[in-house]
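Results of the structural survey
Letter by letter, the chains look like this.
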Amino acid sequence: GEDVEQSLFLSVREGDSSVINCTYTDSSSTYLYWYKQEPGAGLQLLTYIFSNMDMKQDQRLTVLLNKKDKHLSLRIADTQTGDSAIYFCAESIDNQGGKLIFGQGTELSVKP
Amino acid sequence: KAGVTQTPRYLIKTRGQQVTLSCSPISGHRSVSWYQQTPGQGLQFLFEYFSETQRNKGNFPGRFSGRQFSNSRSEMNVSTLELGDSALYLCASSLGTGITDTQYFGPGTRLTVL
């Protein structure tokens, strides 16, 4: 079945690294995405990883994928107060075109 | 390049009414997907349109419908509104060429049903 799970809250200090975790169940997932949502706004695409990759780095963002455990993580280095938002992981499923399955979102709070 | 635009941004309706939301995709994008976001259910897929045809559908009642025009703009309609339809409705556009497409989201339409 299709299910994506995330922890709901994460609190870090400014300058620390943040790690947001996600697990998914569908083994036919092809692409996995991280989106950011700020209050009152839509979803901003942060990064994505193809399911045959283990890691992807993009400036302060590092995505790690463990296909065996169906575990995805997003690491934000040098977290800033502007990173405070809700972060969603999402999977796209083979043969389902534009359909994304989202996790519940992790609310990241960055304290100065 | 302009992003995905949605109109209106905010809408207040009463139970039993119907509503139409509009989404203009990024220029050159042919796929438009719609999602409903609520605090209780999170983000749920409604449907996807590509080249004026519904290509994929989520598990929503028939009161939720949509269409796409030849310029790729899409509208979503909800008839006989219920209190539980209060939500943020997001649309996303992509090239529509396959599963590798990246979806870009608009700011959403906040619908309140009284």
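Residues numbered from 1 in each chain as written. Chains lettered and ligands numbered in written order. Predicted model: local features only at pLDDT ≥ 70, side-chain atom pairs only at ≥ 80, totals over all residues. Heavy atoms only, no water.

Here the focus is the pairing of strand E5 (residues 42-50) of chain B. All names here are of chain B. With respect to burial, E5 is a largely interior element, eight of its nine residues being buried. As paired strands, strand E4 (residues 31-38) and E5 are joined by eight bridges and run antiparallel to one another. Note that in E5 the partner of Gln-37 across the bridge is Leu-43. Counting the residues that bridge the hairpin from E4 to E5 gives three residues. (Buried < 20%, exposed > 50% of the residue type's maximum accessible area, 1.4 Å probe, protein only. Helix = DSSP H or I, 4+ residues; strand = E, 2+ residues; numbered from the N terminus. Pairing = 2+ DSSP bridges.)

In this section: the state of the cysteines. Following the criterion strictly, the structure yields two disulfides over all chains and no others. With its sulfur 1.9 Å from that of its partner, Cys-22 of chain A forms a disulfide with Cys-89 of chain A. On the sign convention where negative means left-handed, the S-S torsion of about 65 degrees between Cys-22 of chain A and Cys-89 of chain A marks this disulfide as right-handed. Of the two residues, Cys-22 of chain A is situated in strand E3 (residues 18-24) and Cys-89 of chain A in strand E9 (residues 85-93); the sequence distance between them amounts to 67 residues. For the pair Cys-22 of chain A and Cys-89 of chain A, one class covers both residues: buried. There is a disulfide in this structure between Cys-23 of chain B and Cys-91 of chain B, and the S-S distance comes to 1.9 Å. (Disulfide = S-S within 2.5 Å.)

On to the nonpolar core. Where a protein is soluble and globular, its nonpolar side chains tend to be buried together. In this structure, Trp-34, Leu-72, Leu-74 and Tyr-87 of chain A are the most contacted members of the largest nonpolar core, which totals 22 residues. Those elements that provide at least two residues to this core are E3, strand E4 (29-37), strand E5 (43-50), strand E7 (61-66), strand E8 (71-76), E9 and strand E11 (106-111) of chain A. Here this core takes four residues from E9 of chain A, the largest share from any one element. Formed by 21 residues, the second largest nonpolar core is a distinct cluster that contains Leu-21, Met-76, Val-78 and Tyr-89 of chain B. (Core = buried A, V, L, I, M, F, W, Y, C linked by side-chain atoms within 4.5 Å.)

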